[in-house]
Amino acid sequence: MVDHFSKKNIVSQREQWTDGTNKILTVEEKIIKATVRKAINLDISPRCTLACPRCRRQEYKDAGIPIPGHDLSITDFTKIIKHFRRILFCGQISDPIIHPKFHEFLELSALPIYSPSHITVATAASHRPISWYKKAFELNPKALWRFGVDGLPEESCLYRINQDGEKLFEVMK
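Quick notes on the rules
- Residues numbered from 1 in each chain as written.
- Predicted model: local features only at pLDDT ≥ 70, side-chain atom pairs only at ≥ 80, totals over all residues.
- Heavy atoms only, no water.
- Axes fitted to C-alpha atoms, helices over the stretch in contact; angles between N-to-C directions.
- Helix = DSSP H or I, 4+ residues; strand = E, 2+ residues; numbered from the N terminus.
- Parallel < 35°, antiparallel > 145°, perpendicular 65-115°, else oblique.
- Left-handed = near helix turned anticlockwise from the far one by under 90°.
- Contact = heavy atoms within 4.5 Å.
- Nonpolar A, V, L, I, M, F, W, Y, C, P; charged D, E, K, R; others polar.
- Polar contact = N/O pair within 3.5 Å; in protein donor to acceptor, adjacent residues only side chain to side chain.
- Buried < 20%, exposed > 50% of the residue type's maximum accessible area, 1.4 Å probe, protein only.
- Pairing = 2+ DSSP bridges.
- Right-handed = clockwise from strand over helix to strand, strands pointing away.

Trainee: Outline the packing of helix H4 (residues 74–81) against helix H5 (residues 102–109), supporting the account with residue identities and numerical values.
Mentor: The contact between H4 and H5 brings their axes to 11 Å, and the two run at 30 degrees. Judged on the interaxial angle alone, H5 and H4 are roughly parallel. The handedness of the crossing between H4 and H5 comes out as right-handed. Contacts from Ile 74, Phe 77, Thr 78 and Ile 81 of H4 reach H5 at Glu 104, Phe 105, Leu 108 and Ser 109. Taken together, the residues that form the contact of H4 with H5 break down as five nonpolar, two polar and one charged.

Okay, structure coming up:
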């Protein structure tokens, strides 16, 4: 990782573990890392329309345990986008597009007053109409979308149970 202000190279812990050095960072390096690294992954809802067998939410369902979490509020999201430059909407239990106010999140994150530099949406759900996706793309045209389609579009539903892989492939195009 590079501190873009001082052009100083900061070695990540992963790189240290990989190359075997695993040196302890200086206080100055820790301060730079803390101020430069401003990314967050948000799991914004407990809902998903899929039933992927290896998904964490299936573990809860199989154990008869309620799926934890709640919908992230617009108020809390505006607090988050004031402090993070990179936002990843990637559910560990949910799919972000199922959140009832997801369009509002995209719209807010595109406003210049907040201006996160990078928005990524990771989704595998396909239960929104094509018009919903078009509106989402228009609300934040700079957002990067990652679609979870496993294999050929017509075969993706073998793992991503309840997914319309062919429809999602059309959305990607």
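Trainee: Before we move on, can you summarise the side chain of Ser 94 with the specific residues and values?
Mentor: Note on placement: Ser 94 falls in the loop between strand E4 (86–90) and H5. One polar contact links Ser 94 to Asp 43, side chain to side chain, over a distance of 2.4 Å. A distance of 2.8 Å separates a polar atom in the side chain of Ser 94 from the backbone oxygen of Ser 45. In contact with Ser 94, not counting residues within four places along its chain, are Asp 43, Ile 44, Ser 45, Pro 46, Arg 47, Cys 48 and Arg 57.

Trainee: Explain H5 residue by residue, including any values.
Mentor: Each full turn of the α-helix corresponds to 3.6 residues, which orients residues three or four apart in the same direction. Of all eight residues in H5, six are buried, a share of seventy percent or more. Turning to H5, its buried residues number three or more, namely Phe 102, His 103, Phe 105, Leu 106, Leu 108 and Ser 109. Among the structural elements, H4, E4, strand E5 (118–123), helix H6 (130–139) and strand E6 (144–147) are those in contact with the buried residues of H5.

Trainee: An account of the sheet that holds strand E3 (residues 39–42) is needed here, citing residue identities and associated values.
Mentor: Taken in spatial order, the four strands make up an open sheet running E3-E4-E5-E6, and their pairing is parallel. Two strands close off the open sheet at either side, each with one partner strand: E3 and E6. Between one strand axis and the next, the sheet turns by 15 degrees as a mean value, whatever way the strands run. Against the sheet, H5 contacts E4, E5 and E6, and its axis sits at roughly 160 degrees relative to E5.

Trainee: Let's hear about the environment of Phe 89: which residues, and what values?
Mentor: As for its placement among the helices and strands, Phe 89 is situated in strand E4. Put simply, Phe 89 and Ile 119 are 30 residues apart on the chain and 7.8 Å apart in space, counted from C-alpha to C-alpha. When neighbours within four sequence positions are excluded, Phe 89 is seen to be in contact with Asn 41, Leu 42, Ile 44, Phe 77, Pro 96, Phe 102, Phe 105, Ile 119, Thr 120, Val 121 and Ala 122.

Trainee: Give a description of the pairing of E6 that names residues and reports values.
Mentor: Residues Trp 145 and Phe 147 point to one face of E6 and are all buried, whereas Leu 144 and Arg 146, pointing to the other face, are not buried. By the bridge criterion, four bridges tie E5 to E6 in an arrangement that is parallel. Paired with Val 121 across the two strands is Trp 145, which belongs to E6. In this fold, the crossover linking E5 to E6 by way of H6 has right-handed handedness.

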